[in-house]
Amino acid sequence: LNNTMVEGMKVLSVREIPDGKASACMSLVAAADYFVNFREGKEPAVDWREKLQDFFAQDEIVILRKTKRSEKETDIKPWIYRLELKEDGVFMQLSSGSVHNLKPDLVMEAFAKYLGVELEQFALMIHRQEVYADVGTETCRKLVSLEDLGTVIE
């Protein structure tokens, strides 16, 4: 695979998923980790670092979510599992997959609205760091990285 990948992309490992789960591999995805930072010169003028935890501490984080047919207000707070300041950006663990798929740019837009600012176009650099399956129960989430879920293929 690495011989045919585009420059800058590299396969680091390959895992085999158990038979029963392999047919629905993408439906296993339940969460993802992201690191988001601002491009140089595109940071909000306000001190956003001081306000990140207050934003996350809210009981609700309501956004206007666009669907294929309409727009509706949605509380995204239950889909944000972690949100914290890390180095020069924001680390977030979000619900991901076929049931509730929250994109990090929507979280950052909600944060900008909370700050009373508007993000410039192309202000964000978003890096997905990890993808998880939920192997817990309906009442107790237990996230396991997809890499840890399968067995190594060498």
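Described below are features of the structure shown in this document. (Residues numbered from 1 in each chain as written. Predicted model: local features only at pLDDT ≥ 70, side-chain atom pairs only at ≥ 80, totals over all residues. Heavy atoms only, no water.)

Its 12 residues give helix α3 (residues 104–115) an end-to-end C-alpha distance of 17 Å, which sits within 8% of 16 Å, the value for a rise of 1.5 Å per residue. Regarding α3, the residues found buried are Pro-104, Val-107, Met-108, Ala-110, Phe-111, Ala-112 and Leu-115. Buried residues along α3 sit in contact with β2 (29–38), α2 (52–56), β3 (62–66), β5 (80–86), β6 (89–95) and β7 (124–134). Directly after α3, the chain includes Gly-116, whose backbone phi takes a positive value near 80 degrees. (Helix = DSSP H or I, 4+ residues; strand = E, 2+ residues; numbered from the N terminus. Expected span 1.5 Å × (residues − 1). Buried < 20%, exposed > 50% of the residue type's maximum accessible area, 1.4 Å probe, protein only. Contact = heavy atoms within 4.5 Å.)

This part takes up the pairing of β5. The pairing of β5 with β6 spans 6 bridges and is classified as antiparallel. Residue pairing across strands places Leu-83 opposite Met-92, the latter belonging to β6. If you look at the hairpin formed by β5 and β6, you'll find 2 residues sitting between the two strands, and Glu-87 has a positive phi there, around 55 degrees. (Pairing = 2+ DSSP bridges.)

This part takes up the pattern of salt bridges. A side chain of one charge can pair with a side chain of the opposite charge if their charged atoms are brought near each other. Across all of its chains, the model carries 4 salt bridges by this definition. Glu-147 is the salt-bridge partner of Arg-15, the closest N and O atoms lying 2.9 Å from each other. You can see Arg-15 sitting in strand β1 (residues 15–16) and its partner Glu-147 sitting in helix α4 (residues 146–149), a full 132 residues away along the chain. Classification of Arg-15 as partly exposed rests on a relative accessible area of 25%. We classify Glu-147 as partly exposed; its relative accessible area is 36%. The shortest N-O distance in the salt bridge between Glu-43 and Arg-49 comes to 3.3 Å. (Salt bridge = Lys/Arg side-chain N within 4 Å of Asp/Glu carboxyl O.)

With antiparallel pairing, the 5 strands of this open sheet are ordered in space as β5-β6-β2-β7-β8. Here the strands that pair on one side only, and so sit at the sheet edges, are β5 and β8 (143–145). Strand-to-strand twist in this sheet, taken as the mean axis angle between neighbours without regard to direction, amounts to 30 degrees. As defined by bridge partners, β2 adjoins β7 across 9 bridges and the pair is classed as antiparallel. (Axes fitted to C-alpha atoms, helices over the stretch in contact; angles between N-to-C directions.)

Time to look at the packing of aromatic side chains. Scanning the model with the defined rule gives 3 aromatic pairs in all. Through successive ring pairs, a cluster of aromatic residues spans Phe-55, Phe-111 and Tyr-114. One residue, Arg-141, lies across the ring of Tyr-81, its end atom 3.5 Å from the ring centre. (Phe/Tyr/Trp six-rings, centres within 6.5 Å; stacked < 30°, edge-to-face > 60°. Lys NZ or Arg CZ within 6 Å of the ring centre and 35° of its normal.)

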